[in-house]
Amino acid sequence: ERIEGISDPVRDYLEGTTGVGEFSLLAAENVGPSVGRDLQQKARLAILFALGGMLIYIWIRFQLPYGIGAVAALFHDVLITLSALAITHREINLPTIAAMLTLVGYSVNDTVVVFDRIRENLGGRIAGSLASTIDASINQTLSRTVITSGLTWVVVLGLWLFGGEALKAFSFVLVVGVLVGTYSSIAVASPV
């Protein structure tokens, strides 16, 4: 019997070299060039809308300079993670886009914690220059940041190493992204 989606040589090879017996193809996915372009465009829009939403949120919650610093850090996180995907020749698919958006949310949460401490310290807790206040605020939140990010990183590393093919793309983005996001909350967002 002819199975839809499998060529005759592939079917013959599977029947001849494996002990599969009777089998049927349950699903096949193929993304054409026009659908791929559409997926790229929607992915770009999703990431841009997420960055824009974060800018507005931080602007309302804090002030515009904080929002610009947070978006710069988020852009940094996405750019570095996309670079890691390109260097390792990994496919950008829907789980990858979902992981990118998860990374944006995770990173902005960490950035908000640091910004909140900076705002508290600027309100009179610590006297001194802006640079010394930012430095003190980062030092006050550093242990929380490292512990939270470290535990999250261990979990996503385990998913990447032992999670199976379905989780590889998603967890790889988060393995890279959690490291980059932690770094950017401290070394990119606050100075900007």
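Along every chain, residues carry numbers that run from 1 in the direction the sequence is written. pLDDT decides what is reported in this predicted model: residues at 70 or higher carry local features, side-chain atom pairs at 80 or more are listed and counted, and totals for whole chains, interfaces and linings draw on all residues regardless. Processing note: side-chain calculations cover all non-hydrogen atoms of the structure and skip hydrogens and water entirely.

## Considering the overall build of the chain
Phase 1 of the analysis: Under the scheme used here, helices are H or I runs from DSSP no shorter than 4 residues and strands are E runs no shorter than 2 residues, and both carry numbers assigned from the N terminus. Counting its secondary structure elements, the chain contains six helices and zero strands.
Phase 2 of the analysis: Per-residue accessibility, obtained with a 1.4 Å probe over protein chains only, is compared with the maximum for each type, and a residue is labelled buried under 20%, exposed over 50%, and partly exposed between these values. Buried positions account for 33% of the 192 residues belonging to the chain.
Phase 3 of the analysis: By definition in these notes, contact holds between two residues if any of their heavy atoms fall within 4.5 Å. Contacts in the chain between residues at least 24 apart in sequence constitute 65% of all its contacts with a sequence separation of at least 6.
Phase 4 of the analysis: For the chain, the accessible area works out to roughly 11,500 Å², and carbon and sulfur atoms hold 65% of it. With residues, only the protein chains shown are counted as cover, and all accessible areas are computed by Shrake-Rupley using a 1.4 Å probe.

## A look at a nonpolar patch on the surface
Phase 1 of the analysis: On the surface, W59, L64, I68 and V192 cluster together to form a nonpolar patch covering roughly 380 Å² of accessible area.
Phase 2 of the analysis: Along the chain, the position of W59 falls in helix α2 (residues 33-61).
Phase 3 of the analysis: Classification of W59 by relative accessible area gives partly exposed; the value is 46%. Patch construction takes residues with relative accessible area above 30% that form no salt bridge. Like charges are linked within 9 Å, and nonpolar side chains (Val, Leu, Ile, Met, Phe, Trp, Tyr) are linked within 5 Å. One side-chain nitrogen of Lys or Arg within 4 Å of one carboxyl oxygen of Asp or Glu is enough to make a salt bridge.

## Structural notes on the confidence of the model for the chain
Phase 1 of the analysis: The quantity known as pLDDT measures the predictor's confidence residue by residue, on a range of 0 to 100. Per-chain confidence: the chain averages 83 in pLDDT, with 88% of residues scoring 70 or above.
Phase 2 of the analysis: Confidence scores differ between elements of the chain, with helix α1 (residues 8-17) showing the lowest mean pLDDT of 74 and helix α5 (residues 130-162) the highest of 91.

## Overview of unusual backbone geometry
Phase 1 of the analysis: Even without being a glycine, H89 presents a positive backbone phi close to 55°.
Phase 2 of the analysis: With respect to the helices and strands, H89 occurs in the loop between α3 (64-87) and α4 (94-125).
Phase 3 of the analysis: Taking relative accessible area as the criterion, H89 reaches 71% and is therefore assigned exposed.

## Re the pattern of salt bridges
Phase 1 of the analysis: Applying the stated criterion across every chain yields a total of four salt bridges.
Phase 2 of the analysis: In this structure, K42 and D38 form a salt bridge, with 3.4 Å as the shortest nitrogen-oxygen distance. Linking K42 with D38, this pair stays in helix α2, spanning four residues, or about one helical turn.
Phase 3 of the analysis: Owing to a relative accessible area of 52%, K42 belongs among the exposed residues under this scheme.

## Remarks on the packing of α3 against helix α6 (residues 165-189)
Phase 1 of the analysis: Orientation of α3 relative to α6, taken along the N-to-C sense of each, is 145°, at an axis distance of 9 Å. Here α3 runs over α6; the crossing is right-handed. Seen from α3, the contacting residues are G69, A72, A73, H76, D77, I80, T81, A84 and L85; seen from α6, they are F172, V173, V176, G177, V180, G181, Y183, S184, V188 and A189.
Phase 2 of the analysis: The residue makeup of the contact of α3 with α6, split by class, is 12 nonpolar, six polar and one charged. Comment: axis = line fitted to C-alpha atoms, over the contacting stretch for helices; angle = value between 0 and 180 degrees taken between N-to-C directions. If you view the pair so one helix is near and one far, a crossing is left-handed when the near helix is turned anticlockwise from the far one by less than a right angle, and right-handed when it is turned clockwise. In the scheme used here, Gly and all other residues not listed as nonpolar or charged are polar, with Ala, Val, Leu, Ile, Met, Phe, Trp, Tyr, Cys and Pro taken as nonpolar and Asp, Glu, Lys and Arg as charged.

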